[in-house]
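Per-entry structural report
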Amino acid sequence: MNVDLSPVAILRSAGVPASVMDRLIEPGLCALLDTATDSAALDHARKAVAHADRELAALCHDPVIRDAAAVANADIHDNALVPFADGAVRRRRKRARSVVALLQRLATKNDTAGGYGPMDLVRFGGAADLAQPPATSGICAERAGLVSWWVADLLAAAIRSDPAVAPLLPHRLAPGVGRDGDHLLVGDRRIRISARERADLARPPGTAGGDALPRLRRAGLVGPDLPVPAAHTDPVAALIGSLAAAGGAGTAWAERLTELRELAQRTAEAPADAQRDLAAEVRRRVERITGALPERPRGRFYSDRDVLYQEGRGAAGAYTIGGDLLDRLRDGLDPVCRLAAVHGHQRFLDASAVLRERTGEAPLRLLDAMRHIGELDDPAGAVDGGSAGRLREELGKLWPEEGGDLAPDRLAELLDKWPASELSLLSPDLMLASGADGSVHDARLVLGELHSNLQTFGLFEHFWPDSGMREWFTGSGDLADRLVQFTAPRSQGKAFLAELPTRSIEVSAASARPSAVDFGDVTVQWRGGVPRLALPDGEQRTLVPGDPSNPLYLALSPHTGLMPSLRSGPSVPELSVGGVVLQREQRRLPRPALGKDLDERFVTMRRWRAAHALPERVFVRVAGQPKPFYVDFRNPLLVDLLAHWTAPGDELLLSPMLPGPDHLWLERGTDRFCAELRISAVVRRNP
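Residues numbered from 1 in each chain as written. Predicted model: local features only at pLDDT ≥ 70, side-chain atom pairs only at ≥ 80, totals over all residues. Heavy atoms only, no water.

**Quick notes on the side chain of S434**
With respect to the helices, strands and loops of the structure, S434 is situated in the loop between β15 (423–433) and β16 (444–452). Residue S434 is classed as buried on the basis of its relative accessible area, which comes to 3%. For S434, the residues in contact, after removing those within four places along its chain, are S439, V440, A443, H663, L664, W665 and R672. (Helix = DSSP H or I, 4+ residues; strand = E, 2+ residues; numbered from the N terminus. Buried < 20%, exposed > 50% of the residue type's maximum accessible area, 1.4 Å probe, protein only. Contact = heavy atoms within 4.5 Å.)

Spelled out as structure tokens, the structure:
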């Protein structure tokens with residue numbers, strides 16, 4: 001197999017220094033507690049709790065922390081951080097949990113809480129291992145204020161209802177309504193349309209000829225089209241473009257939305273203490289158009305409750321990785337990407353077999369394929385096991401024989417025995433564990449997550465359109481001519497699948513690409529065990545991979561890349577290939593019973609950690625939670641958060657923090673930050 005890495009990557013980093021969490025720790029008290037009798041241990045625990053409380057209050061006065069909280073989560077800033085800093089006694093412990101929960105995410109996660117953590121462009125090439133752009137003041141050199149997609153969708157709905165605008169917009173069949181000559185297809189129904197209705201559906205907006213579509217509009221089968229592309233980083237900008245092109249009343253709406261978009265940008269550029277009033281003004285302007293906005297759900301990891309969100313670029317210029325480090329990075333990721341390509345293909349074979357067992361290999365509508373997958377009692381379980389399970393079993397036997405570090409040639413020997421797709425698309429997130437001095441020359445490579453699809457493509461298009469990413473994709477063989485992708489509604493704020501420069505199938509959401517088709521007009525046709533999606537114009541394409549937890553993507557995309565997870569038994573050692581860490585050491589342990597007293601909880605968890613020989617710093621994952629969270633067992637407030645977020649007997653999956661705070665290479669000023677490289681790869685099977 002040939003692995004082609006993108007020529008650029010995104011450096012995603014944490015929003016505040018990792019050292020922030022260490023300020024809540026008193027190591028000397030922990031050492032005394034660990035060897036003390038019960039009564040003395042409780043006394044040391046009380047002192048540790050008091051120390052953490054004082055330091056957290058001091059952090060809450062720190063302008064950097066206050067700005068981070070104000071941008072990332074205004075509710076926590078107003079209702080937890082500020083009262084805690086001011087010494088409020090009522091609900092103090094609950095407020096401490098809220099603040100610490102936000103801090104652990106801002107300090108240890110390579111993502112953005114409300115857009116606070118920055119991103120940077122990384123170019124591959126050159127003689128030096130690492131070239132960093134000049135430092136800038138503050139965390140971000142540039143911020144972008146963006147209206148959330150769900151708000152843009154409501155704006156579009158309100159504008160479509162304007163009787164002065166609707167006639168200027170093209171007609172569009174409702175999502176899921178297909179077309180077959182002089183019939184519309186709705187589920188199993190065929191609705192005949194007249195010659196005048198057919199003509200009006202094809203007529204450009206604003207042309208003479210009357211209106212022959214009231215029957216179809218009343219039935220909800222057709223309506224004016226003002227799409228909000230789901231995979232657009234700046235959806236209001238897309239609306240402005242469509243309205244300006246419509247002319248007439250659309251021009252006035254475009255000007256109004258331009259003012260709203262400019263206000264969103266001014267909000268992001270303003271000091272944190274001024275952003276609140278500006279954001280409130282954005283909301284007021286939106287509600288003048290849409291009416292009162294609905295309440296959004298709380299507590300989700302990628303919460304999108306706010307009208308605005310932000311993205312930030314950390315440095316004014318690009319980073320460069322080259323020299324020996326780039327050679328090691330390419331050599332290290334080569335077997336990683338091959339493994340993901342082969343394992344992902346086995347998952348596809350298993351899932352497609354389940355679908356074909358229900359439907360046979362006769363052509364079927366995409367709607368029917370969706371329905372068959374939806375009727376499975378346990379769709380995830382139905383496609384688990386099979387050939388993918390057998391591959392994981394072989395890997396589980398081979399890795400221990402090699403002492404946990406599998407040589408690339410031994411892995412290649414195993415993978416050559418398994419079928420592979422001719423093409424796989426994937427995006428590995430890679431971390432560098434530097435030397436204690438921050439040097440990356442001999443940095444250890446650590447895989448974070450590995451995603452199907454080319455996850456960062458949309459960010460490159462928006463923030464770095466001249467990065468070369470588009471040219472890399474379109475120059476990678478015939479990808480643009482052979483692939484097709486789903487566009488689906490966004491439900492988690494800024495989190496969405498990038499829309500590649502190829503054709504799209506709209507699944508209840510608009511595409512940003514030309515020549516998109518509705519999913520109601522697509523059929524699935526099998527050729528040699530591979531599903532091809534037949535589009536209305538006769539083209540047949542294969543599906544770009546998406547969310548691997550969705551069995552529909554697994555069954556229909558032969559291009560999935562997916563890392564195997566080896567989690568048999570209560571303990572799994574660290575697993576690597578050629579020195580690249582693929583899976584951190586994992587321990588599965590039931591959470592012990594804990595009292596409500598914070599001092600007692602701290603003593604119990606200190607002793608529990610020692611009894612199981614766990615590292616001090618870990619990430620904890622619990623069933624039902626979308627992401628792991630950070631725990632330092634020396635920090636009584638993080639221990640309290642662990643107790644609050646879990647229940648006695650819950651199975652905890654614990655992994656050490658890797659890289660740890662002493663092995664972080666990214667520096668801004670005198671501080672070090674957690675960071676990862678988000679890279680894209682195309683893997684092709686050799687002829």
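**Some points on helix α16 (residues 408–415)**
Every buried residue of α16 is accounted for by L411, L414 and L415. All buried residues of α16 project into a common sector of 95 degrees when viewed along the axis, lining one side. Contacts made by the buried residues of α16 are with α12 (323–359), α15 (386–401), β14 (405–406) and β24 (575–577). (Arc of directions from axis to C-beta.)

**Considering unusual backbone geometry**
In this model, L658 is joined to P659 through a cis peptide bond whose omega is 0 degrees. Its place among the elements puts P659 in the loop between β29 (651–656) and β30 (666–668). Positive phi outside glycine occurs at R91, with the angle close to 55 degrees. The topology assignment puts R91 in the loop between α4 (74–85) and α5 (92–108). In this structure, S515 takes a positive phi of about 60 degrees despite not being glycine. Here S515 lies in the loop between β18 (503–506) and β19 (517–518).

**Here we look at the packing of helix α10 (residues 249–269) against helix α11 (residues 272–290)**
Packing of α10 against α11 leaves a shortest axis separation of 9 Å and a crossing angle of 160 degrees. Compared by their axis directions, α10 and α11 come out roughly antiparallel. Relative to α11, α10 is oriented so that their crossing is left-handed. The residues of α11 that touch α10, namely those facing W253, R256, L257, E259, L260, L263, A264, R266, T267 and A268, are Q275, L278, A279, E281, V282, R285, V286, R288 and I289. Class assignment of the residues belonging to the contact of α10 with α11 gives a composition of eleven nonpolar, two polar and six charged. (Axes fitted to C-alpha atoms, helices over the stretch in contact; angles between N-to-C directions. Parallel < 35°, antiparallel > 145°, perpendicular 65-115°, else oblique. Left-handed = near helix turned anticlockwise from the far one by under 90°. Nonpolar A, V, L, I, M, F, W, Y, C, P; charged D, E, K, R; others polar.)

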